[in-house]
Amino acid sequence: MNARLKFAAATLCAMLLGIPAAQSDDYFASTDLYVELGTAEGDFAAFPGNLKVEVGEIYRLILRNPSPFTHVAMAPEFGGTVVTTGIRRLPQGVPHMTGTIAGGIEVRSGETTELYFVPFKQGRYKLFCEDRMHTVAGMEITIDVAE
Ligand SMILES: [Cu+2]
């Protein structure tokens, strides 16, 4: 087991043992990734169009929805290659009980959600809206995972 994998395994254990996300900045060096779902004008787009991450690193994914619509961000293939913490609605930190990155994270108009994840598999994945009409209109981004 190489050092990076050991580190990832230790991180995963710590996450699964329930260290609150709010405290995790004290323990882990994580990188924030902000994604905007739609625009205030109601455009079906997502920004930025591409995220670059690395295997074994810890990221905080912040999904913001400035649009007048509800969006459900999902990345089915990516979801099978990452370990995540629970999802929380900000700023109160209310747990998002039903969402998963693979199955979809509902982000209502004006809402922000966050989760931490560690990618484990190199590749290019897509994150898009569960509403196919929104995706076709441009609400889709790519996530590149490098070794
Ligand atoms: Cu949508």
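Since the model is a prediction, treat every value here as computed from it, not as a measurement.

**Section: the environment of Ala137**
- Take Ala137: it is sitting in the loop between α4 (132-136) and β12 (140-146).
- For Ala137, a relative accessible area of 45% corresponds to the partly exposed category.
- When the C-alpha atoms of Ala137 and Phe44 are compared, they prove to be 5.7 Å apart, with 93 residues separating the residues in sequence.

**Remarks on the pairing of strand β11 (residues 123-129)**
- The sheet contact formed by strand β5 (residues 71-74) and β11 spans two bridges and is antiparallel. Across the sheet, Met74 pairs through a bridge with Phe128, a residue of β11.
- With six bridges joining them, β11 and β12 adopt antiparallel strand pairing. Paired with Arg124 across the bridge in β12 is Asp144.

**Let's talk about the coordination of the copper ion**
- Bound to the copper ion are the protein donor atoms His71 (ND1), Cys129 (SG) and His134 (ND1), situated 1.9 to 2.1 Å from the metal.
- Here the donor residues for the copper ion map to a single chain with the spacing H-x57-C-x4-H. Of the two residues, His71 is situated in strand β5 and His134 in helix α4; the sequence distance between them amounts to 63 residues.
- Looking at His71, the relative accessible area reads 0%, which means it is buried.

**What to know about the pattern of salt bridges**
- Evaluated as defined, the whole model comprises eleven salt bridges.
- The partner of Arg88 in a salt bridge is Glu114, with the nearest N and O atoms 2.6 Å apart. Of this pair, Arg88 sits in strand β7 (residues 87-90) while Glu114 sits in strand β10 (residues 112-119); the two residues are 26 residues apart in sequence, bridging distant segments of the chain.
- What makes Arg88 partly exposed here is its relative accessible area of 22%.
- For Arg108, the salt bridge identified is with Glu106, shortest N-O distance 4.0 Å.
- Three or more residues joined by partner-sharing salt bridges are found here, namely Asp32, Arg60, Arg88 and Glu114.

**Some remarks on the sheet that holds β5**
- The five strands lie next to each other as β3-β12-β11-β5-β9, forming an open sheet whose pairing is mixed. Among the strands making up the open sheet, the edge pair consists of β3 (50-54) and β9 (105-107). When the angles between neighbouring strand axes are averaged without regard to direction, this sheet yields 25 degrees.
- Bridge analysis of β3 against β12 gives five bridges, and the strand direction is parallel. Bridge assignment links Glu54 to a residue of β12, and that residue is Ala146.

**Examining the nonpolar core**
- Core analysis: the largest hydrophobic core is formed by 27 residues, its most contacted members being Leu61, Leu63, Phe78, Phe117 and Ile143.
- Counting residues per element, the ones that place at least two in this core are β1 (31-37), β3, β4 (59-64), β9, β10, β11 and β12.
- When sequence neighbours within four positions are dropped, the list of residues in contact with Ile143 reads Leu51, Val53, Phe78, Gly123, Arg124, Tyr125 and Leu127.

Criteria and thresholds
Residues numbered from 1 in each chain as written. Predicted model: local features only at pLDDT ≥ 70, side-chain atom pairs only at ≥ 80, totals over all residues. Heavy atoms only, no water. Helix = DSSP H or I, 4+ residues; strand = E, 2+ residues; numbered from the N terminus. Buried < 20%, exposed > 50% of the residue type's maximum accessible area, 1.4 Å probe, protein only. Pairing = 2+ DSSP bridges. Donors = N, O, S within 2.8 Å, 3.2 Å for Na, K, Ca; no water. Salt bridge = Lys/Arg side-chain N within 4 Å of Asp/Glu carboxyl O. Axes fitted to C-alpha atoms, helices over the stretch in contact; angles between N-to-C directions. Core = buried A, V, L, I, M, F, W, Y, C linked by side-chain atoms within 4.5 Å. Contact = heavy atoms within 4.5 Å.

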